Structures are given as structure tokens and as C-alpha cells.
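Spelled out from the first residue to the last, the chains are:
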Amino acid sequence: MDTTAGTLVKYKMVIDGEWVDSASSQHFESFDPFTGKPWALIPRGNAEDVDRAARAARKAFTSGEWPKMTASRRGALLRKLGDLITEKSKALAEIEVRDNGKLYAEMSAQTAYMAQWYYYYGGLADKIEGQVIPIDKPDTFNYTRFEPLGVVGAIIPWNSPLLLTAWKLAPALAAGNVMVLKPSEYTSASLLEFMKLIEEAGFPPGVVNVVTGFGPEAGTPLVEHPLVAKIAFTGSDLTGQKIYEAAAKGLKKVSMELGGKSPNIVFDDAEIDNAVKGAISGIFAATGQTCIAGSRLLVQESIHDQFVEKLVAFAKTAKMGNPMSMETQVGPVTNQPQYKKILSYIDIAKAEGVTTALGGAKATRPECGDGWFVEPTIFTGVKNSMRIAQEEVFGPVLSVIPFKDEEEAIAIGNDVVFGLAAGVWTQNMRRAFLMAEKLQAGTVWVNTYRAVSYLSPFGGYKRSGLGRESGQEMIKEYLQTKSVWISTAREVPNPFIMR
Ligand code: ADP
């Protein structure tokens, strides 16, 4: 499947159950963020490959085994895939660490947990029930069916490639769809390794296809392809907007999970040590490269200085270095453009007049070698109107903003274009419920941060997205409802009257 070209691992992509090169026969390099050096070659897919994949998927949707398969059987295949993921979770985690720079400590837990989406939606596959409607017309039987959409295109970002694939693939397949997946050009390898498990689980050829390549060359043709019925996307809001516009031309369905600038709000009645840990995990876990990063830390004025002191002291202890080491707590940035972007936001913040309480530069610690590391950074004296507080940095950069009372915390918390998540730290129950109600975010955590589950819906308010992922309801995002009318009347009545 993968051969070695020099020292680089050469990958193929998967179309119609075959491991293939791209139509152009070109490849591009994938980098190890810890060494800053290329380690793999990925096929450079284009519109021709997308067309082959979309046709293969459509064929698998309309003929062969897949459309004949019962929902129970589809569920069994998904559960088998879950078992294979559980078995191979460590190997999958190693690939993600190499390609993405995420910590092995986090990835080994994440790849193991990822199996739950396949178990859950595998279980749900045969529980999608239509209704018989007690219709208000004589001699008429009316019922609903939930039917798959057909070919679903999924466009995946680089920050959690396999997990974010699972959030789309598991419900889409459970609902009976077929898929063309386009991973990020920065992190394609783990999905290609994962395709071996799809093959082993026994999904018919063409049900899951992968076209690797760049956004404009492989992503855009997927969005525009006439056989693609829906696009499921996770990524930045600006790319989401472009995809939404392109999908609108074909009146395609879309679901999108986009960026965030989430407030993590600490009241003076919080358990301070817990809130410090929550603030740290909110911004430094995954090197801040998560859409749910609690990148705006709102701290009540009365405890501001004391809280910042504890926060800085804790953040200073973060160990950086080889992401494969279980000791490492903050890993490298996944790709070079992102590394440069984070450093440029640090400059922007400084020019805006913030105070650097910690970090504020690239990391030059010996254990970081030539990798793309940024020091955990904490800025104080941030005003919510500053660019550093309004724009998504996607890195280990925290902006601390003081507030007076609940009202001001809500006003500042909601004063961004995004609405993906929010955290609240308080021991006051009334306050917890009030904040949960008033914060405009798809997820609100109280006295915890970064919790996600296959059981609970996840998605954004405002510019953070359209639709939800995970939980029972969201399978409907991959289904369409058909209303069926059957007349039992002996005679067709007057044709000029609508009934
Ligand atoms: P980030 O790298 O910040 O997550 P993007 O949102 O740009 O950035 O990327 C997410 C995914 O969207 C990647 O798979 C990327 O290749 C893809 N992509 C980027 N631009 C486009 C586009 N114009 N059309 C379709 N897909 C795109």
C-alpha cells in the first residue's frame, strides 16, 4: 500500500476500493512538525480524481451491496470498524503524532475514544424510525421515511484529523450515505492509514473514498461536483464561508463547524485552583490548536492579580519537547504557515499595547530542536476590542481580560463574531444557570472545560457554524424526510380540487 521513496513514505489514496495515485501522478510532502522535515509523500489529487471518486461513490450508493444492506448490517459493519480502531488505536495515534505534532499522551486517548462514535452510530443505524401520521383526509394512509442523501463530501482540517472524520463518517454511513473524504493537505497520512481498517471491516468498494490534495485543487471540485449532495466541513470560518458560497450554487446541504474565540470566565467565588487548571487546559492543551480553545480568559477584577500570578506560575511548569514523550505537555505547532501566523499575532498583540505576562516568542529551548514551537503565552491588559481578543489565533496564546460583574462578563463574553463554546467557573448555582442561559455558544461548560462526547451535540452559534455533530438528533443532518401518501379510496375524486 505504501512504498518507501528514498526515506519518505509514499502514500496512495483510495477510490472505488483501489489504492491509487492521483491522475496527475504528482505528490506533495507532509512534514513532521517536531523535526520540521518532510517524512511522507501524499498524492496531489485534483478535479479529475474528485470526479472519479464521486462517480464511484454514486455507483456504490445505487448498485451493488450497499443499497441492499439492511440498517442492522450497516450498524454491524460500523461496530466492527470500532473494534478495529480499538485494536489499532496506538498505531493510529503514532501516525497522528508524527504528521500533526499532537502529544502521544493525548492522541492515544483520543484515538481509543474515537471508536465510540462508530459504536454509537452503529447502534443507532437501525433505530431511525419514520412515523405513521393520523392524516386529516379520508381513505388515506400517510407515513414518513428517512432516507440517505447520497454522496456526502467531507472536508477535514488538520487539528484532529481522525476524530473529526469520525464525527462525520460514522453518522453518514449509519444513515446509509456514501462518502468522499478530503483530508487537510497538512495531515493526510492518518486517514490513509485508517482506510486500511475500512477495507478490513468489509465496507463495499466505493462507499468510502479519499481524495488527498490542496483546498482549491481537490476541496473546491468536491464542493462543486454535481453528484455530491451535501458537504460536511470543519475548518476556519473564512474557508467555511467560501465553501458555503460554492455549495449554494448547487443548492447543496451543508453542515459546518468553524472557528471560535471562546470566553473562559472565572468569577471570584470559583475554586481558584480548579479554575487555573481549567484555564490552562483551555488554551495550552493541543498547543491551543483547537476550535474550542478558551483563548479569552475573563477574570473578575477582585481576584484578577492573584489569579494571574497563579496561572503564570502553573503555565511556567509546562514541559515542551518531543510529542511522542509522555512527559511533554506542550507540543509543536502543526504546520509552518500556522507557526508564522501565531508569531505574527503575538507581534500584533504587543503592538496593541498588551502586557506579556509569560512567553510571547518562539520557543528556543534545546528540547524543542528545529521544531515549530511557540512558548506558552499569556497576555494581560487585553481589551476585548483588540484584534488579539477578536480573531482566532489557533495557538498557545491566552488573552486575559478583567470584568466587574455578571452583566459585564456576559457582554464581553458575547462580544465576538464566534459562538462555539464558553467556560464558567463559579460555585454559585444561580450564577451557573444564568451564565449557561445568557452565553451565546453551542457548548457551555461550568467548572470544566474541553469535555466532548459522542452523546452530546456539538456545534456553533453565529460564525462558528451551521448544524451540530454528535448525539442522536444530528443523524438527521445526513437524512432527508419523505412523506408517502397512499389512497385506499375506490374512486379518484374530482381532479380540480386539491385535497
Ligand atoms: P485550517 O488549515 O485553518 O483548518 P482551512 O479551513 O482552510 O484551514 O482548511 C480546512 C480544510 O478545508 C482543509 O482540508 C483544506 O484543504 C480545505 N480547504 C481549504 N480551502 C478550501 C476551498 N476553497 N474549498 C474547499 N476546501 C478547502
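In the block above lies the structure referred to throughout.
All figures in this text were calculated on a predicted structure; none of them were measured in a lab. For every chain, the first residue of its written sequence is number 1, and the numbers climb from 1 along that sequence. Selection of residues for local features in this predicted model requires a pLDDT of at least 70, selection of side-chain atom pairs for listing and counting requires 80 or more, and totals for whole chains, interfaces and linings are taken over all residues. Working from all heavy atoms in the structure, the side-chain values ignore hydrogens and water.

Bringing the sheet that holds strand β8 (residues 140–148) into the picture now. Two strands pair under a simple rule: DSSP has to find at least two bridges between them. A helix here means a DSSP run of H or I that spans at least four residues, while a strand means a run of E at least two residues long, and both kinds are numbered starting from the N terminus. Here we have three strands laid out as an open sheet, ordered β7-β8-β24, and antiparallel in their pairing. Among the strands making up the open sheet, the edge pair consists of β7 (132–133) and β24 (479–487). Looking at chain direction, β7 and β8 are connected through two bridges and run antiparallel. Residue pairing for β8: Val132 is matched across the bridge by Tyr143.

Buried, partly exposed and exposed residues are distinguished by accessible area as a fraction of the type maximum, computed with a 1.4 Å probe on protein chains only: under 20%, between the cut-offs, and over 50%, respectively. Residues Thr377 and Phe379 of strand β17 (residues 377–380) are buried on one face, and the alternating residues Ile378 and Thr380, pointing to the opposite face, are buried as well. When strand β16 (residues 355–358) meets β17, the two strands line up antiparallel, connected through three bridges. Opposite Leu358, over in β17, you have Ile378 as the bridge partner.

Take the side chain of Glu375 next. If you trace the backbone, Glu375 turns up in the loop between β16 and β17. Any pair of nitrogen or oxygen atoms within 3.5 Å is treated as a polar contact; in protein, a donor-acceptor pairing is required on top of that, and neighbouring residues in sequence qualify only through side-chain atoms on both sides. Within the structure, the side chain of Glu375 is placed 2.7 Å from the side chain of Arg365, a separation counted as a polar contact. If sequence neighbours within four positions are ignored, Glu375 has contacts with Met320, Gly359, Ala361, Lys362, Ala363, Thr364, Arg365 and Pro396. In this analysis, two residues are considered to be in contact whenever any of their non-hydrogen atoms come within 4.5 Å of each other.

Side chains of strand β21 (residues 443–446) alternate between two faces, with Thr443 and Trp445 buried and Val444 and Val446 left unburied. Judged from the four bridges that link them, strand β20 (residues 421–425) and β21 form a sheet pairing that is parallel. Counterpart to Val424 in the pairing with β21 is Val446. Crossovers are described as right-handed under a simple rule: with the strands pointing away from the observer, the path leading from the first strand over the helix to the second runs clockwise. Regarding the hand of the β-α-β motif, the stretch spanning β20, helix α14 (residues 429–438) and β21 is right-handed.

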